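# What the coordinates show
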Amino acid sequence: MVSPIKPTTTRDLILHSNGEQNYIEVLPHHTLSDVRLLVLEELDTEQLPPSCSKEGEDPDFAFRVDNIRISEKQEKKKLAVNLIEKGVRVELVPKRAPVANNNKRALDDVEEECENKRAKTDGFVTPFEKRSEENADTADESMGMTEGDTVGMVPTDLDDKFVKKNDEEGEYLSSSESTVPLEDTESTEVVGKDAENNEDAGGIGEFIGVITDHLSPNRPRSEDKDAANEKVDVDANAESDKSEKNGNVNDSNTKDRDAERQITESHDMDEELEVVTEQNPHKEADEAKEKSKQVLSELKKILQENPNFCTDTRRIELLEDINETESNVTPRTVFGVLGNTGVGKSSLLNALLEEASVLPTSGSRGCTAAVVELVYNSELVNESTHPDEKVPVYKGEVEFITLEDWRKELKVLVEECSTQDKTVYARPPQPDAMPDAAAAWQKIEQVYGNKSMERFCEMETERVFHILANDMQVKKLLTSTEPEKENNSIYVNIGEVTPGSVEAKDLLKPFSKMNRKAKTAKKKWATEFRAEINNYVYRKGNGDSRQTWPLIHKVELRGPWHVLSTGACLVDLPGIRDSNAARAKVAERYLQNCNQIAIVASIKRAVDDGTAKELMGEQFKRRLLMDGNYGNVFFICTQTDDLEATETMRDHQDIAEEVAGRWEKMCELADVIAQLESKINSKQQEKEDLDAQLEDAKLELKETLNDLNEAQKEAEDCDDEEEREETLTLVTSLKTLVLSKEAAVDQANEELAIWKDKNSSILDQNQAQCDSLQKKLKSICAEVRNEYSKRCLQEDFKSGLKELYRKDDDDMDDSDETNKNALPDDFGLDVFCISANDYLKLMSIKPRRDGPPSTFSSAHNTQIPQLRSHVHKCTASFSQSSVKAFVENTKDLLDRVKLIAGDIEDVPTGRSGLRMKSVFQTAMSNLSASIEPISLNFKKELDKKIDQNLAASLKTGALKGGQEAMSTVHSWGSKSRRTKDERRPDKNGLYWSTYNAVARRDGVYTSPSVGPIDFNQELCDPMEKEFSTEWQAVLDALIRRLLNDAEKKVLELCTTACQSLANGLRQLGVDSGRLASMLNTANRSALSALKSAFHRMQVLAVDSQRELSRELLPSVKDKMKTTYEACVGVERGSGRFDRMKGAMSTRSQMVVRGMFDDASALLLNGIKSMIDRLKRLILATSEVISKSIDSVFSILWDNNKTDKTAAMDPELMKIMRDCRNALLPDLNELVDKQQSACKLLGIEREDIELDVLGVETFEQSLGRKLEEAKQKGAVFDFCNDEDDDQPTQEKNYVRVKSEKSHTGHHRANNSIVQNTDVIDLCDSDDDEENQKLPVSGGTAVKEESCMI
C-alpha cells in the first residue's frame, strides 16, 4: 500500500547582505545550492553584495556561514533547515577573483599533490588545504555539517570542479553537472557560470583547462550522469548506515537497507539534464520564404530604379504582380480551444506560451465569457528604420459589445428579476430556490456594482430598466470613440523595445534559451500586462466594485510567444450557447473558421464521468462531420500530475503490464516506499513518545508546583501549630519532589535533544528519499494512466463518428459511393496528456515559492513540449502549400523579368506583331471552348448527386423534423426534469423559472442548474441527423474530388494551349531559343496561377457549405420567435406555467408545419447558387491562363505607340538594350538565390522541350491545310489538263495576292480583276487589306510566305 507523505512546512532562512536581512522561504530538502537559485530569482541585483554582477552576466556570489566561506560542493551538502535550527549567521559575499596566471602552481605540483591526497580521500582527486584539527570540528558544526561530511580538510576549487568517477577508466565529470537537480535547467546555467569564474584558482588553471578540453561543458553523458546519481545515493545511504549503526540498529535492518538501496539504484530514471528544444518543422519553409522575400524586394527595386528596362505599362503590371505576391505569403493557423471551467485550460495556455500567469488560473475569479485570441507580436521581428523607434512587447485590445446589444440583454435580465406584477423582487432571489433569477440579479450587480439592485426592490420593471440603460458610465464604456468602429475598444501596451534589436530577439526565443536579463524583463512586463488586462477582462478586487468583464465582446492579446511564431493563433472559446447573441455569433464564427480544434478536459474527468463524451457529443461530432473538420480535432487531458499511485496501480494493472518489466518496477518501488514509510513512521512514533514523555514530565512538574503553592499558602494561613508543622513538612517534601520533577523534565528534554541529534538527519534523508521514490512511482503511474485515457478517447471518438454513418439496411446502397464511411482506416485522434503546473515549475517559469513539481522530473514527460511541437507541425502543414505557391510565384515573376532582360526585340512592329497576337487570341479562344465542357460536367455531376442523395435526405429530414417537433416541444414542460449530467427524450423537462428564462431569450440560455439549453437546436437535431452524412459526402468529399479532377484537366489543357501557341508562333518566324524560354516561363506562370485559382475554389466551397450548414438553426430560431413571444406574454397569475406550455404547444403546432420544408428549400437554393458560382469560376480559369500567358508572350506584339506599323526608335532601342545588359548579372544572382529557395522545398518543374512539341514547318502546315480543304471540297485545281476538254464557259477571274516578308520589308503584287474572289492560302486573318479587296464573282488567291 502506498500512502502519500504529507508535505512539511516551509521555514524562513535569514540571509545577511549589504547590511540588510532578506528572508527566503525554504523547504526541508533545500540545500544552499537551492537557496542560491531562490536568491537569484527573488532578490534584486541591488539586494546582492556589490561586485556580484557584471554588465551582461548573471549575478554571482558565495555563502559565508559564521564567517567561514564555503565552496559550491559544500553548498550542495548543507541543508538550510539545519542552519536555521543551529541559529548560524548566513551571509552573501562576493566571489573571490581568480588568481593571476603568474601565481599559478605548476601542473606537475598539482598532480603530485593529487596523488598524495588520494589516499586520504578514498579516490577523490581533490588537493586539500590543511587546517588545524582542533578547529575542524568547531567549523564543521558551525556550518551545519554532519559527521559524514569532510573531516579536517577544506576543499579547494578543484574539489568543486571534478570528482573522480572511475580510477581505472580515468574518466571525470563535473561535480556541478553530477549534482545539479535534473529538472532544474536554470540551475545548470548558474553552475556553469560558477565553473567558469571559480574562486581561489590556486594555480590549477592549466590542469582544469586540460581536463575540460575532453568534457562537454554544458551537458553530461548519460552514463556519467547515472554514475553521479548513483554516487549521491550511495553517499546518502552510507551516511544513513553510519547513523543507524551509532543508534544500535541490528544487522537485519542493515540488510533491508542494502536491499532498498539496490532497488533504488536499479530504478533511477534515465532523465537528461534538459534545455527543452523543439524541432522546427518550418525551418526549410522559413528559409525559402525569406529568400523569396529578398528576391521580390530586389526585383521591385530594379523595376523602380530602371525606367528604361521596359515599357511603363509592363513595369506597372510587374510591380502590381509583385505586390500581390508579397501580400499572400503565409496564412495564420487558428487553433480553437474548447473546455469547461476548472479543467486547467488557462494553465494549459500559460504553459504553451511559457508564461507564469498571463491568463488567470484561479477558478474562484469570474472571467469573461468572450473569445480571447492569443497572437504572436510580429512587430518585434521587423527591423527598425529609426534608432529611436520603440514597439510594445505586450499588446492587448479589449473590445466591448455595443450599447444596443447590452440594452437588449439588460431588458431580459431585469424582467428575469421581476415578479409577475412587473416589479422587481422585494429581496435578492436565492440561488437554490430561483437559480435563474439569482444569476440575472448577480450579472446586473457585476456591471453596476454590488447591491445596486437592492435599491430598486419593488420598483416597476420598466423604470428600473430605463435607469440602468441610461447609466452614464456604462454608456461611455460601450460607445465607440473611433468613428469607423462600431464597438468601443481599450488598448493596453506594456514594455518597450527596439524592433529587430538583440533585446527583442532574445524575448522571442523559447524560455529555456533566453538569457537571464530577458527572462527577468519578460516576467516583469508579463506581470504588469496581466494587472492591466485584469482591470477589464477579469474580476477586479473582491467583486464589490463595477466589473467590465460581462460586457466584453472580444479580446486580442499579443506577446513574444515563441509557440505562435510560426503563424499559429490560439483562441480560447468559451462556448456558443451565450445568451448574448453578438458574443455567441463571434464564438460561432471562430469555431466555423478554426483550422484545428483542441478539446480540453481534466484527465480525471475525461474518461471516468463522461466529460469527454459531453464535449465531443453527437451534435459536436455531427458538426465536425458536416464541416469536413473531423480530422482536425485533437484532445488535451490536463492535470496529469494530480493522481494517487495506489488508485492507478489498482485500476490499470493490465495497461502497466503491456510494457515488459513496468509493472514489476512499480511494485518494487511501492514496496520500497512502504518500507521507508514504516521506518519514517517508526521514527516519528519514537519522537512522539519522547514528546509525550516531555509533556507528561512538564505536566507533572506543573501539578507538583501547584500543590507546592497551595501547601505554602495553607501553611501561611494555618493557625494551629501542629497542622502548620505538618504542612511545612509537606512543603519540604513537595519541594524535593519539584526538584525531581524538574530533573525529569531536564532528562526528557535531554533525551529528546539526543534523539534529534541522532535521528533528525536520518528522518530528513528518509523523507527526501521517500519523496523522490514517490515521485518516480507517480511518474510511471501517470504514464500508465495517460496510455489508458488516450486509448479510450480515441476509441470513443472514432466509434462515435462511425455511428453517424450507420444507417438502416433499407437505406443503404452498396453501389453508391457517397454512402460509404468517409473515415480512413488509419484515422486516429491525437491525444496529449499534459501537466502544465509541473512544466512551468521544471522550467523555472513559476516562482520556487510555489513548491517543487509534484510528479514529473522531466519537462518532456509533461508532454507540453510535444504539444508545442504539434502546434508547429500543424502550422507547417497548413502553410506548406501557401509557402510553396509563394516561392513558385516569385520564381515565375523572376523568370518573366529575366526573359525581358534577355530579349532585345521587346516590341515587334508591323503586321507580324498583329499576326502573333491573332495566333494568341485563337489559342485562348480554343482553350476557353475546351474548358467549358469541364465546368458543365462539374455541375452535372453535382446536380445528379444532389438530386439522388442530398435532396432526398433533406426531404426525409424535414419530414422527421416535423414529426418529432411536437414531442420535443411537449418534453420541455415535462415533470421528468433534465439535469446537467443527463438529458434524454423522456427526461427533458424544465422547472418554470428555467422554462421562462429560455423563452425570454428566444430559446437559448445557459442555466446555473441545468447547463446550456437550446430549444432551437433540439428541434433541428432530427433533421440534421438525417442529412448530415449525405451533406458531408456530397458538399465536402464529392466537391473536393470533382474540383481536383477539374484542376488536373485544366492543367493539361493549359500546357496544350501553350504548346499550340508556340506552334503558331514558330510558324510566324519566332526564334526557337527565344520561344523555348517564353514557353516554359508562360507555362509555369499559368500553372501556378491555376493552382492558386483552384485552391481559392476549394476554400470557397468549404466556407460556403459551412455557412449553409448553419442556416438551418437561424431559420428555425426565426420561425419560433413568435412562439416564444406568445409564451412569455401569457396572462400572469396562478396557473401561468400551464398557460405558457399551452401557448408554446399551440403556436409551435402552427409553425412547424412548413418550417422544415422552408428550411430545406432554403438550403437547396443556397447549394445550387454555390455550385453555379463554382462552375463560373472553373470557366473563368481560361481568363486566368490567358492573363498569365499574355504577360509573357505579349512582348511579341505589345507597343505603347498608337501607330502599330511604326518601328521603334533605334536610339530608344539601344538605351533599352544597354539597360537590360547591365542588369543581367544582378538578375542572374537573384535567379541563383531563388533556385536555392526552390531546392529547399523540393520544387522541381520540368522544362517543356521545344523540339518535342511537334511544331509544323511552313510546308507541312500548307500541306495539312490543303488536305483539309480537299476533304471539304474547297479546292480549285488550276493545273488539271482535263479542263481543256471541257466546254468553254464564262470564266471567273482570279485575283492573286502575293505577300512576302524579307527582313522586315513587305512587297505585294496585286492583280485586281472584277468579279474575283480572294483565296488566302496562309490564313493570315489579321491582314487589314482583305477588307479593302473588291469581290465580284471571281476568285482571288492570296499567297503569303514568311522567312523563318
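Computed from a predicted structure; not experimentally measured.

Further remarks concern the overall build of the protein chain. Tallying secondary structure elements over the protein chain gives 39 helices and 24 strands in all. Counting every position in the protein chain, which comprises 1348 residues, the buried fraction comes to 49%. Contacts in the protein chain between residues at least 24 apart in sequence constitute 78% of all its contacts with a sequence separation of at least 6. Summed over all atoms, the accessible surface of the protein chain reaches about 65800 Å², with 47% contributed by carbon and sulfur.

In terms of nonpolar packing, the biggest core is built from 120 residues, with F309, W1031, I1178, I1185, I1189, F1193 and L1227 touching the most fellow members. When residues in this core are grouped by element, the largest group, 21 residues, is from helix 33 (residues 1015-1067). Core analysis: the second largest hydrophobic core is formed by 87 residues, V343, V393, Y448 and M843 among them.

What follows is about the sheet that holds strand 2 (residues 20-26). In spatial order, the strands read 2-1-5-3-4; together these five strands make up an open sheet with mixed pairing. Looking at strand neighbours, the two that pair on one side only are strand 2 and strand 4 (68-69), the edges of this open sheet. Alignment of strand 3 (residues 62-65) against strand 5 (residues 90-93), held across four bridges, turns out to be antiparallel. Of the residues in strand 5, the one forming a bridge with A62 is V93. Each of strand 1 (11-17), strand 2, strand 3 and strand 5 touches helix 1 (residues 32-42); the most contacted strand, strand 2, lies at about 115° to it.

With that settled, the discussion passes to the packing of helix 35 (residues 1112-1128) against helix 36 (residues 1136-1179). With their axes 8 Å apart at the nearest point, helix 35 and helix 36 run at an angle of 155° to one another. By the angle between their directions, the pair helix 35 and helix 36 is classed as roughly antiparallel. When you trace helix 35 past helix 36, the crossing you get is right-handed.

Moving on: the packing of aromatic side chains. Applying the stated criterion to the full structure yields 10 aromatic pairs. With 6.4 Å between their ring centres and 70° between their planes, F335 and F634 make a pair best called edge-to-face. Pair noted here: F335 is in strand 10 (residues 333-339) and F634 is in strand 17 (residues 633-638), with a separation of 299 residues, a long-range link. In terms of burial, F335 and F634 fall into one category: buried. Relative to Y448, the ring of W406 has its centre 6.5 Å away and its plane inclined at 35°; by these criteria the two rings are tilted. In this pair, W406 is assigned in helix 15 (residues 403-416) and Y448 in helix 16 (residues 435-448), connecting sequence segments 42 residues apart. Relative accessible area serves as the criterion here: at 7%, Y448 is assigned to the buried category. In textbook terms, an aromatic cluster arises when at least three aromatic residues are bridged by ring pairs, as seen for W972, Y995, F1015 and F1137. Residue placement shows K411 over the ring face of F465; its charged tip is 5.1 Å from the ring centre.

With that out of the way, let us pick up the pattern of salt bridges. Tallied over the entire structure, the rule returns 54 salt bridges. A salt bridge links K524 to E528; the nearest nitrogen and oxygen atoms lie 2.9 Å apart. Pair noted here: K524 and E528 are both in helix 20 (residues 516-537), with a separation of four residues, about one helical turn. Classification of K524 by relative accessible area gives partly exposed; the value is 48%. Between D1002 and K1121 there is a salt bridge, and its shortest N-O distance comes to 3.1 Å.

The strand order 13-12-14-11-15-10-16-17-18 describes an open sheet built from nine strands, whose pairing is mixed. Pairing within the sheet leaves two strands with one partner each, and these edge strands are strand 13 (489-497) and strand 18 (830-833). Neighbour-to-neighbour, the strand axes of the sheet open up by a mean angle of 20°, direction not taken into account. For strand 10 and strand 15 (residues 568-573), the ladder comprises six bridges, and the chain directions are parallel. Directly across from L338, in strand 15, lies its bridge partner L573.

In this section: the packing of helix 13 (residues 312-327) against helix 30 (residues 864-901). Viewed as axis vectors pointing N to C, helix 13 and helix 30 meet at an angle of 165°, and their least axial separation amounts to 10 Å. Between helix 13 and helix 30, the angle is such that the two are roughly antiparallel. As for the relative orientation of helix 13 and helix 30, their crossing is left-handed in sense. Two secondary-structure elements touch here, helix 13 through R314, E317, L318, D321, I322, T325 and E326 and helix 30 through F886, N889, T890, L893, R896, V897 and I900. Of the residues contributing to the contact of helix 13 with helix 30, the split by class is six nonpolar, three polar and five charged.

Before going further, it helps to examine the environment of E41. With respect to the helices, strands and loops of the structure, E41 is situated in helix 1. Classification of E41 as partly exposed rests on a relative accessible area of 23%. Distance from E41 to R516, taken between C-alpha atoms, is 9.6 Å for residues 475 residues apart in sequence. Here E41 is in contact with K523, K846, P847 and R848, once residues within four sequence places are set aside.

Our focus in this paragraph is the environment of K702. Residue position: K702 is located in helix 27 (residues 662-717). The exposure class assigned to K702 is exposed, which follows from its relative accessible area of 54%. Separated by 36 residues in sequence, K702 and V738 have C-alpha atoms that sit 8.8 Å apart.

Moving on, we get to the pairing of strand 10. Burial of strand 10 is extensive: seven of the seven residues sit out of reach of the surface. What you see with strand 10 is no split at all: T333, F335, V337 and G339 on one side and V334, G336 and L338 on the other are buried throughout. The sheet contact formed by strand 10 and strand 16 (residues 596-602) spans five bridges and is parallel. Across the sheet, the residue bridging to G336 is I597, located in strand 16.

Moving on, we come to the pairing of strand 19 (residues 1004-1007). Looking at chain direction, strand 19 and strand 20 (residues 1011-1014) are connected through four bridges and run antiparallel. Pairing of S1007 across the sheet is with G1011, part of strand 20.

This next bit is on helix 35. Between its terminal C-alpha atoms helix 35 stretches 24 Å, which fits the 24 Å expected from 17 residues at 1.5 Å a residue. The axis of helix 35 is deflected most strongly, by about 40°, at M1120. Taken residue by residue, helix 35 has L1112, S1115, V1116, M1120, T1123, Y1124, C1127 and V1128 as its buried positions. Among the structural elements, helix 32 (992-1000), helix 33, helix 34 (1072-1109) and helix 36 are those in contact with the buried residues of helix 35.

The next thing to look at is the side chain of N766. Relative to the elements of secondary structure, N766 occurs in helix 28 (residues 721-805). Ignoring any residue separated from it by four or fewer positions in sequence, one finds N766 in contact with L676 and I680.

Here the protein chain averages 75 in pLDDT, while 72% of its residues score no lower than 70. Note that pLDDT drops below 50 for residues 99-275; the model gives that stretch 269 contacts with residues more than four away or on any other chain.

Let us now look at the environment of A645. Tracing the chain through its elements places A645 in helix 25 (residues 645-651). The buried category is assigned to A645, whose relative accessible area is 8%. Spatially, the C-alpha atom of A645 lies 5.6 Å from that of K778, the residues being 133 residues apart in sequence. Beyond its immediate stretch of four places on either side in the chain, A645 contacts L777 and C781.

Here we take up the side chain of Q446. Assignment of secondary structure puts Q446 in helix 16. Setting aside residues up to four positions removed in sequence, Q446 forms contacts with S545, R546, Q547, W549 and P550.

The rules behind the values
- Residues numbered from 1 in each chain as written.
- Predicted model: local features only at pLDDT ≥ 70, side-chain atom pairs only at ≥ 80, totals over all residues.
- Heavy atoms only, no water.
- Helix = DSSP H or I, 4+ residues; strand = E, 2+ residues; numbered from the N terminus.
- Buried < 20%, exposed > 50% of the residue type's maximum accessible area, 1.4 Å probe, protein only.
- Contact = heavy atoms within 4.5 Å.
- Areas by Shrake-Rupley, 256 points an atom, 1.4 Å probe, with all protein chains shown as cover.
- Core = buried A, V, L, I, M, F, W, Y, C linked by side-chain atoms within 4.5 Å.
- Pairing = 2+ DSSP bridges.
- Axes fitted to C-alpha atoms, helices over the stretch in contact; angles between N-to-C directions.
- Parallel < 35°, antiparallel > 145°, perpendicular 65-115°, else oblique.
- Left-handed = near helix turned anticlockwise from the far one by under 90°.
- Phe/Tyr/Trp six-rings, centres within 6.5 Å; stacked < 30°, edge-to-face > 60°.
- Lys NZ or Arg CZ within 6 Å of the ring centre and 35° of its normal.
- Salt bridge = Lys/Arg side-chain N within 4 Å of Asp/Glu carboxyl O.
- Nonpolar A, V, L, I, M, F, W, Y, C, P; charged D, E, K, R; others polar.
- Expected span 1.5 Å × (residues − 1).
- Bend = angle between axes of the 7 residues up to and from the residue.
- pLDDT = per-residue confidence, 0-100.

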